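Next come the chains, spelled out residue by residue.
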Amino acid sequence: MERQGNAPPDDIPIVLAREGQHGPVIHAANRTARVNGILPGSRVVDMRAICPELQVEFADDAGDHAALDRLVLWARRWCPWTVRDGADGLILDTTGSDHLLGGEAAMLVEMETQLSLLGLTARLAVAPTWGAAWALARFGPVRSICGAEEAHFKLGALPVAGLRLDAATVLLLRRLGLKTIGAVMDVPRLSLTRRFVKAALAGNPLMRLDQALGKLAEPVASMDAKPRFAVQSRLAEPIFDPTPYLPELCEDLCAALTKAGMGCRRLHLTVFKTDGDVSHVDVATSASTRDPGHLHGLFRDKVERINPGFGFDLITLEAGGVEGMQVLQNRLDGGSDDDLHLTRLVDRLSAKFGPRAVTRPVLRESHIPERAEAQVAALAAIADIGAVTPQERPLRLFDHPEEVRVLYAVPEGPPAQFIWRRQTHRVARYAGPERIAPEWWKDRPGTRLRDYFKVEDQAGRRIWLYREGLHEDGRGGDPRWFVHGCFA
Amino acid sequence: MWCMGSLRVQKRLAGQVRQPDPLTHTLSEAFPETATDAAAIGFVLTRLPRTDAPILWVQDRLSRKEAGRPYLAGIGTRRPVIMVDLSRAADVLWAMEDGLRCRSLGAVIGEIWGDPPSLDFTATKRLALRAEAADVPCWLIRRAASPDLSAARDRWRIGAVPSAPHPHDTQAPGLPRWSLDLFRSRRSKPGQWVASYDRAQDRLNLAAPVRDRTLATGDGTAGERAAG
């Protein structure tokens, strides 16, 4: 419905569904739907009965997850220590950074404004502990702020679901008559300990209560943003050729990579033109590297493809595919590394001719000759399954078998003479047939079998040809003959 | 003239002139007699050093279309093959020259169709010098080409001849046999042979061809061309 990022109108009840045990269940609902009585977790068909005009979309869990991870890093604008909380929350450790935004109340307003500009609805709270903030944000008043000493009072009125317990434990507490967090607090500690001594954290109200009140530590483990490696050179006047600046840029970038112990797999060269346009050139390497000379060489014929327009005054070089890279020394004298030279050769060839031109054939398990060989990237790590068939195979294979006209003595037998590329070949000797049946699990129905012959003509050329099908096999007319390869 | 000669002799006696090492790998050219003949490929593969180092195999578009691609099941998987499929002969020469900078390759094989203008004496000279500097064997397989000026150290003309009799089946072709014509060589004496190749033992047997033509006049070297 609204996949382009436009928010749906507020007056239509819309839910997101996910696959449940007995058909789709409600994953999330908008405000109108919730007002109409839609409960997350119930079945979509039941809710349709309650609310016939309900609109259903399927949820994208992985997409939400990735978006939330990006939002975690985006939230670093307010404080340096952020982490994702479950499937729908962010925890920001704002200790010491609220005064930069004019106090806690002003900070919450600022956050809500910025998030709403992104199209997100947020419920925010400030509290001394993770657990208290979680409960207040979901069940407390709007933009509630909880001081260091107030947690006891502010949490007391909230429902027990605010303790981050699993559904079974919440149900149990409700059956015990403990409906608010305050009621749980009033229960003697010893009784709660005895009742929940074996429960895990998510099912243990005492430990959750201790976490919310700060008696049990719950540190925020912030995740690190990946460092971005980019260098730029600002020019005093617009130029048309970035080549003189490339060696220096490559050296600066590789120095930064070396300092971090990283190598890169891709390079993006971007030039910013004076007329407001941007051009870029990308190159890739087959193994991570940080050698400036090698990286510079990959741009050799590529920078000419940049259309300079009226010139450009800013060049940036950014490393992509950054990964950890260890320095390996495989020879005691510190001499050249043979594998390294091979990867660099493949890089140079791929950069000039494109990655599709540089391949490596590997064997696959198939009897059909053209399927027995696959093309993989030149330095791809492959498990070599290759068991060469014991039958003799030609040294050369044609990409497309070439049809020939054949004279034969008996229909099922070898050819006596054939015309290939307008030349007549008389068969002096032959070996075969070797019958290769179609692979029924891959081929279309009606594919014909092949009978391969190795024939030698009067001049001594050894040719591999096959007859496709048999006479009267009910899969088309007379069988056709093809040349498929040449022997040494 | 005499001074030069005596100087050379003195230098040689003093051990200052390096003799060309006959085992150094270099550039060789192979001219198949017919375009679709795989005998040249078979012969080139027997000449490569017996290592597991990868082969860089560069083909231009016409060679691939007209003569097929190398087939791994027939070549064997002992050496990995890095295939480079290009469209122009100039690109093939560039890729071969770039590959010869890499000493870890076992061989560089290039296939060029016809006589493109980019494949001139200078290009072959560059390939030969690079191959000798890196000590990597380099083979140029030239189909539908005329053997004109080239700096290749060895130049072969290779064709298929009827194979040896099969030991168990009189109808079937046996061990492959090739007619080899080394018509120009810098390091050894040119000559003609009929080779039969035993794949099981990886062994190439050379035999002088049966000659039934009239005896050549001259001093016996008339069939050879000047080396160099």
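Now for a description of the structure that goes with this document.

Criteria and cut-off values
Residues numbered from 1 in each chain as written. Chains lettered and ligands numbered in written order. Predicted model: local features only at pLDDT ≥ 70, side-chain atom pairs only at ≥ 80, totals over all residues. Heavy atoms only, no water. Helix = DSSP H or I, 4+ residues; strand = E, 2+ residues; numbered from the N terminus. Buried < 20%, exposed > 50% of the residue type's maximum accessible area, 1.4 Å probe, protein only. Contact = heavy atoms within 4.5 Å. Areas by Shrake-Rupley, 256 points an atom, 1.4 Å probe, with all protein chains shown as cover. Pairing = 2+ DSSP bridges. Axes fitted to C-alpha atoms, helices over the stretch in contact; angles between N-to-C directions. Core = buried A, V, L, I, M, F, W, Y, C linked by side-chain atoms within 4.5 Å. 1 Å grid on protein atoms, 1.4 Å probe; cavity = no way out; pocket = protein on both sides within 12 Å on 5 of 7 lines; lining within 4 Å. Points joined across faces, edges and corners; volume = space filled by probe spheres on them. Buried area = accessible area lost by both parts, 1.4 Å probe. Salt bridge = Lys/Arg side-chain N within 4 Å of Asp/Glu carboxyl O. Expected span 1.5 Å × (residues − 1). Arc of directions from axis to C-beta. Polar contact = N/O pair within 3.5 Å; in protein donor to acceptor, adjacent residues only side chain to side chain. Right-handed = clockwise from strand over helix to strand, strands pointing away. Parallel < 35°, antiparallel > 145°, perpendicular 65-115°, else oblique. Left-handed = near helix turned anticlockwise from the far one by under 90°.

Along chain B, the regular secondary structure elements total six helices and 10 strands. Across the 228 residues of chain B, 49% fall into the buried class. Nonlocal contacts in chain B, meaning residues at least 24 apart in sequence, comprise 71% of its contacts between residues at least 6 apart. If you sum the accessible surface of chain B, you get close to 11,600 Å²; carbon and sulfur atoms cover 53% of it.

Time to look at the overall build of chain A. If you tally the helices and strands in chain A, you get 13 helices and 20 strands. Long-range contacts, defined as pairs at least 24 residues apart, comprise 52% of the intrachain contacts of chain A with a sequence gap of at least 6. Looking at chain A as shown, the accessible area adds up to about 27,600 Å², and 53% of this sits on carbon and sulfur atoms.

So, about the sheet that holds strand β3 (residues 55-58) of chain A. Across a sheet, paired strands are connected by hydrogen bonds in the backbone, their directions being either parallel or antiparallel. Residue and element names in this part refer to chain A. The strand order across the open sheet formed by three strands is β2-β1-β3, and the pairing between neighbours is mixed. Strands with a single pairing partner mark the edges of an open sheet, and in this sheet they are β2 (23-29) and β3. Taken over all neighbouring pairs, the strand axes of this sheet differ in orientation by 45° on average, direction set aside. Relative to β3, strand β1 (residues 14-20) is paired through four bridges, and the arrangement is parallel. Bridge pairing links L16 to E57 in β3.

What follows is about the nonpolar core. Within the largest apolar cluster, 40 residues are counted, with the highest numbers of intra-cluster contacts made by W57(B), I109(B), W139(B), I158(B) and W178(B). Apart from the residues lying within four places of it in its own chain, the contact partners of W139(B) are S28(B), E29(B), A30(B), F43(B), V44(B), R47(B), L48(B), M96(B), V108(B), I109(B), G110(B) and W156(B).

Moving on, we get to the layout of surface pockets. The calculated volume of the second largest pocket comes to roughly 950 Å³. Put simply, the parts of the chain that give the lining of the second largest pocket at least two residues each are β17 (423-436), β18 (450-457) and β19 (462-468) of chain A together with α2 (39-47), α4 (72-75) and β9 (191-198) of chain B.

A few words on the interface of chain A and chain B. On the side of chain B, 59 residues touch chain A, which itself brings 47 residues to the contact. Summed over both sides, the interface between chain A and chain B buries roughly 4,400 Å², with carbon and sulfur atoms accounting for 58% of that surface. Its largest share of buried area at the contact with chain B, chain A owes to L395(A), R396(A) and R429(A), together 17% of the area lost on that side. Joining chain A to chain B, the criterion identifies six salt bridges. With a closest N to O distance of 3.0 Å, R64(B) and D399(A) form a salt bridge.

All names here are of chain A. Under the 1.5 Å per step criterion, the end-to-end length of helix α3 (residues 61-74) is 20 Å for 14 residues, consistent within 8% with the ideal 20 Å. Those residues of α3 not exposed but buried are L68, L71 and V72. On an axial view of α3, the arc spanned by its buried residues comes to 105°, and they lie on one face. Residues of α3 that are exposed and point over 90 degrees away from its buried face: A62 and R70. Lining the buried residues of α3 we find β4 (82-85), β5 (89-92) and α4 (103-117).

Before going further, it helps to spend a moment on the environment of A89(B). All names here are of chain B. Counting through the fold element by element, A89 comes out in helix α5 (residues 89-99). The class of A89 is buried, set by a relative accessible area of 11%. C-alpha of A89 to C-alpha of S118: the two residues are 29 residues apart in sequence and 6.9 Å apart in space. When neighbours within four sequence positions are excluded, A89 is seen to be in contact with I112, P116 and S118.

Right, let's talk about the environment of S150(B) for a bit. All names here are of chain B. Mapped onto the elements, S150 comes out in the loop between β6 (138-143) and β7 (154-161). On the basis of relative accessible area, S150 is assigned to the buried category, the value being 4%. Residues S150 and D120, 30 residues apart in the sequence, show an inter-C-alpha distance of 6.9 Å. Apart from the residues within four sequence positions on either side, S150 is in contact with E29, F121, T124, R155 and R184. For S150, the side chain forms a polar contact with the main-chain nitrogen of A152, separated by 3.1 Å.

We now examine the sheet that holds strand β1 (residues 27-32) of chain B. In space, the 11 strands of this open sheet follow the order β14(A)-β13(A)-β4(B)-β2(B)-β5(B)-β6(B)-β1(B)-β7(B)-β8(B)-β9(B)-β10(B), with mixed pairing throughout. In this open sheet, the two edge strands, each paired with only one partner strand, are β14 (373-377) of chain A together with β10 (203-207) of chain B. In this sheet, neighbouring strand axes are inclined to one another by 30° on average, regardless of whether the strands run parallel or antiparallel. Of the strands in this sheet, β2 (55-59), β5 (107-113) and β6 of chain B touch α5(B), which is tilted by about 170° from β5(B).

The next point concerns the pattern of salt bridges. All names here are of chain B. What the rule picks out here adds up to 41 salt bridges over all chains. In this structure, the salt-bridge partner of E97 is R126, at a minimum N-O distance of 2.6 Å. Taken as a pair, E97 in helix α5 and R126 in helix α6 (residues 121-134) lie far apart in primary sequence, 29 residues in all. You can call E97 buried: its relative accessible area is 14%. Residues R142 and D115 are paired through a salt bridge, measuring 2.8 Å at the closest nitrogen-oxygen approach.

Here the focus is unusual backbone geometry. Glycine aside, negative phi is the norm for most residues, and most peptide bonds take the trans geometry. Going from G432(A) to P433(A), the amide bond is cis rather than trans, its omega being 0°. A positive phi angle, close to 45°, is found at R143(A), a residue other than glycine. The phi dihedral of D202(B) falls on the positive side, at around 55°, and the residue is not glycine. As for its position among the elements, D202(B) is in the loop between β9 and β10.

Residues and elements named next belong to chain A. For α4, which comprises 15 residues, the first-to-last C-alpha distance of 21 Å matches the rise-based estimate of 21 Å (1.5 Å per residue) to within 8%. Within α4 the residues assigned to the buried category are M107, L108, M111 and L115. Looking straight down α4, one finds that the buried residues subtend no more than 100° of arc, so they occupy a single side. Against the buried residues of α4 lie α3, β5, β6 (125-126) and β7 (144-145).

Attention shifts here to the pairing of β5(B). All names here are of chain B. Among the seven residues that make up β5, six are buried, leaving the element largely enclosed by the rest of the structure. Bridge count for β2 against β5 is five bridges, and the pairing is parallel. If you follow Q59 over to β5, its bridge partner there is E111. Judged from the six bridges that link them, β5 and β6 form a sheet pairing that is parallel. Bridge pairing in β6 places G110 opposite L140. Crossover connection from β5 via α6 to parallel β6: handedness right-handed.

Right, let's talk about the packing of α5(B) against α6(B) for a bit. When two helices pack together, their arrangement is given by the angle between the helix axes and by the axis-to-axis distance. All names here are of chain B. Interaxial distance between α5 and α6 falls to 9 Å at its minimum, and their mutual angle equals 20°. What the angle tells us is that α5 and α6 run roughly parallel. The two elements α5 and α6 meet at a crossing, and its hand is left-handed. Of the residues in α6, those touching α5 at L93, M96 and E97 are A123, R126, L127 and R130.

In short, the description is geometric, and any link to function would need to be established separately.
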